[in-house]
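What the coordinates show
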Amino acid sequence: MSNKTIRAFSLSLLALMVSSAMAEQVVESQIAAVTVYPSSATVTRTFAVELPAGQQTVLVAGLPSTLDENSLRITGSGDKGSSVASVELKNEVRSELVLPRAKELQDKLTAQLDQQALLQADELALNTQQTYLQKLAEQGGTPKTEKTVESNSVAQWRAGWQTLGAGMKEIGAAKVALAREIRLLKQQIDVTQRELEQLNNRQQDNKIAVVHLQSAGGKLAMKLSYQLNQASWYPVYDANLDTQQSKLAVTQAAYVQQNSGENWDNVALTLSTLQPSAAVEPPALSSWWIDYLRPIPRNTLMKSAESVADAAMPEMMAAAAPVAEQRAMVVDSGYHVSYQIPGKINVNSSEEKQRVVLQQQQWPVALNLQAVPRLDSHAYLYARVENPSSTPLLPGEWLLQRDGIRVGRVDQPLLAPKDQIAMGFGADDAVKLEWQTLKDEAGESGVLNKQQTLQRHYQLKAINGHTKPMTLTVLDSWPVAKQQDIQVSALEGTVAPKEQNVNQQAGVQRWELPLPAGKTATLDTGYQVAYPQDKQIDNL
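Residues numbered from 1 in each chain as written. Predicted model: local features only at pLDDT ≥ 70, side-chain atom pairs only at ≥ 80, totals over all residues. Heavy atoms only, no water.

1. With respect to the overall build of the chain
In terms of regular secondary structure, the chain is built from five helices and 25 strands. For the chain, the proportion of its 540 residues judged to be buried stands at 33%. Accessible surface computed for the chain: about 33000 Å², of which carbon and sulfur atoms make up 52%. (Helix = DSSP H or I, 4+ residues; strand = E, 2+ residues; numbered from the N terminus. Buried < 20%, exposed > 50% of the residue type's maximum accessible area, 1.4 Å probe, protein only. Areas by Shrake-Rupley, 256 points an atom, 1.4 Å probe, with all protein chains shown as cover.)

2. Comments concerning the sheet that holds strand β15 (residues 380–386)
Consider a sheet: its strands pair through backbone hydrogen bonds, and that pairing is either parallel or antiparallel. The sheet built from six strands is open, its strands ordered β18-β15-β14-β21-β24-β23 with mixed pairing. Each edge of the open sheet carries a strand with a single partner, namely β18 (420–427) and β23 (499–500). Here strand β14 (residues 366–371) runs beside β15; their pairing, made up of five bridges, is antiparallel. Bridge pairing in β15 places A366 opposite R384. (Pairing = 2+ DSSP bridges.)

3. Concerning the side chain of S71
Here S71 shows up in strand β4 (residues 67–78). Of the residues examined, S71 reaches a relative accessible area of 14% and is grouped as buried. Of the polar contacts made by the side chain of S71, one reaches the backbone oxygen of D68; its length is 2.7 Å. Beyond its immediate stretch of four places on either side in the chain, S71 contacts S225, Y226 and Q227. (Polar contact = N/O pair within 3.5 Å; in protein donor to acceptor, adjacent residues only side chain to side chain. Contact = heavy atoms within 4.5 Å.)

4. Let's talk about the sheet that holds strand β7 (residues 231–242)
Here five strands make up an open sheet; going across it, the order is β13-β8-β7-β16-β17 and the pairing mixed. Each edge of the sheet is formed by a strand with only one pairing partner; in this case those strands are β13 (354–364) and β17 (405–412). Each strand axis lies, on average, 20° off the axis of its neighbour in the sheet, ignoring direction. Two elements, β7 and strand β16 (residues 396–402), share six bridges in a ladder whose sense is parallel. (Axes fitted to C-alpha atoms, helices over the stretch in contact; angles between N-to-C directions.)

5. Let's talk about the pattern of salt bridges
Where charged atoms from two side chains of opposite charge come close, those side chains can pair. Applying the stated criterion across every chain yields a total of twelve salt bridges. Among the salt bridges present, the one from E262 reaches R45, with a minimum N-O distance of 2.9 Å. Remark: R45 occurs in strand β3 (residues 40–63) and E262 occurs in the loop between β8 (247–258) and β9 (264–272); sequence separation between them is 217 residues. We classify R45 as buried; its relative accessible area is 0%. Among the salt bridges present, the one from K186 reaches D190, with a minimum N-O distance of 3.0 Å. Of this pair, K186 and D190 both sit in helix α4 (residues 154–205), four residues apart, which is roughly one turn of the helix. Take K186: its relative accessible area is 39%, and that puts it in the partly exposed class. In the salt-bridge network here, residues are joined through shared partners; they are E499, R510 and E512. (Salt bridge = Lys/Arg side-chain N within 4 Å of Asp/Glu carboxyl O.)

6. Section: the environment of A239
Looking at the element boundaries, A239 is found in strand β7. Given the relative accessible area of 0%, A239 is considered buried. In this structure, A239 is in contact with L248, A249, W398, L399, L400, Q401 and F425, ignoring residues within four places of it in sequence.

7. Things to note about the packing of aromatic side chains
Taken as a whole and judged by the stated rule, the model has eight aromatic pairs. Ring geometry for W233 against Y339: centres 6.3 Å apart, planes inclined by 75°, an arrangement best described as edge-to-face. The residues W233 and Y339 share a single accessibility class, namely buried. Plain terms: the ring middles of Y458 and Y527 are 6.4 Å apart, the flat faces sit at 50° to each other, and that makes the pair tilted. Here Y458, found in strand β20 (residues 451–464), pairs with Y527, found in strand β25 (residues 520–532); they are 69 residues apart in sequence, far enough to count as distant. When its relative accessible area of 8% is taken as the criterion, Y458 is described as buried. Taken together, the ring pairs connect W435, Y458, W478, W511 and Y527 into an aromatic cluster. (Phe/Tyr/Trp six-rings, centres within 6.5 Å; stacked < 30°, edge-to-face > 60°.)

8. Quick notes on the confidence of the model for the chain
Taken residue by residue, the chain gives an average pLDDT of 82. The fraction at 70 or more is 81%. A low-confidence stretch, residues 1–22 stays under pLDDT 50, and its non-local contacts, those more than four residues away or across chains, total 46 contacts. The low-confidence segment residues 300–323 (pLDDT under 50) makes eleven contacts with residues lying over four places distant or belonging to another chain. (pLDDT = per-residue confidence, 0-100.)

9. Let's talk about the side chain of Q452
Within the fold, Q452 resides in strand β20. What makes Q452 buried here is its relative accessible area of 17%. Reaching out from Q452, the side chain makes a polar contact with the backbone oxygen of Q533 at a distance of 2.9 Å. Not counting residues up to four positions away in its chain, the partners in contact with Q452 are G443, V529, A530, Y531, P532, Q533, K535 and Q536.

10. Notes on unusual backbone geometry
Despite not being glycine, N503 shows a phi value in the positive range, around 55°. Here N503 shows up in the loop between β23 and β24 (508–515). Phi at Q504 takes a positive value of approximately 60°, unusual for a residue other than glycine. With respect to the helices and strands, the residue Q504 is situated in the loop between β23 and β24. Its relative accessible area of 81% is what places Q504 among the exposed residues.

11. Here's the deal with the environment of L271
Along the chain, the position of L271 falls in strand β9. For L271, a relative accessible area of 0% gives the class buried. With 38 residues separating them in the primary sequence, L271 and W233 have C-alpha atoms 7.5 Å apart. Once you skip the residues sitting within four places of it in the chain, L271 turns out to touch V36, W233, A254, V256, V337, S338, Y339, I341, V356 and L358.

12. Things to note about helix α2 (residues 100–139)
Taking 1.5 Å of rise per residue, the 40 residues of α2 would be expected to cover 58 Å, and the 59 Å separating its terminal C-alpha atoms lies within 8% of that figure. Buried residues of α2: A102, L105, L109, Q112, Q116, L119, L126 and L133, and no others. (Expected span 1.5 Å × (residues − 1).)

13. Comments concerning the environment of I345
With respect to the helices, strands and loops of the structure, I345 is situated in strand β12 (residues 345–347). With eleven residues separating them along the chain, I345 and V356 place their C-alpha atoms 9.6 Å apart.

Pasting the structure below:
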């Protein structure tokens, strides 16, 4: 049932809900606007009412039972002197009277079921006729006696067969047509039953806002708003890398979903990054007292062990439970961002998600290559980008494409304005890598203080098949010493790494290798491990 359906109530039913001393008026409200937050939504309904002067009561029916009662607010405009005295929520009392739409659906369902029974009777009649003709065919058309057999001519037999065949064919065609009619009717019955069930469910769960006003007489335009927790949205990003133009086309979209029990039909939809349901203050700190450990008597410890174990389980359990497309208008308040979706949107109450486009941007990127050649013979294309917009991008999944071809997906954290990220766009087949070990030798060094040594020398050849120069970031891991008398250093005659402990990961080294267009570049790397002669290292 549409949310615009006017709830009809009897005067006696209304008298059970509010004081009969006041004038009462049932109004129809429409959902005009919805603002969806990451884990909730604010719904704004509008209605117009004309009231005589004096104390009046307006009933706004059909509100979802899932609304936050404490968030209910009402504002309005109209003649001077009118004011809202109070607003209260009441459960919609079920009446024995059937709503007009429900009665209409019930009458429709009854007629469909009657029609189904008639079709089933027709089906039974056709089956009976078919059975009768089959028995005639088995008996030869008449009782099998010698006289009848001798008296029947071949022509009479042929006429009998043709009659039986025509009859069976006619019945078969009728059964096919009847089965189609029954099937279509069954589908119609299912639709009617579902709509009636949904209508009955909403009738049971709805609430009524009772608005008490002091009216100066005349027309009032009112707005009723409330918050729902059964609504959410989350961002997704489509990133298409143009390798020729070195640009990244970023489409920021969102998936919106709500299961509040009411449909949002033809509403103005806004998505906001604000989180009304989140904490408004940081957690409070308490004093942290420390003291020397005091021994506990053994008998006390044994007595309390079982109760402590039992108490620990609930505590642990409690701790663990704790959407060319139209683009939105972006409004940045400085503290949060709102996306005003163009036009009017329909979002039904269901488990389905609806995709809307928030904004589309073209970002300049710096392209480079990255490789771990000791483990993988491929060079991977990376795009380093900076968020050039004035609004942050919320954490979410990025769907990556390279020149219109999908290459993968990645989850990215919050990207604030001017923040930089590097995203991988798959292996670059135009760049070939050759990695080889030139030296892997154990030996000794020193005269008085002799040491054992291990020297490893690697060489990388990178062939750039592009018509433009590239930069290759080479990564490798070297051993990391846990003891001071174990020394790890760059091998003499090789290129030292440009950065050590990359991303604060011990032992990870980085080199930058320029690759001229269409040419081969070489990088020699290596390390030496030195340690006392009387010690052994078993994981080199």
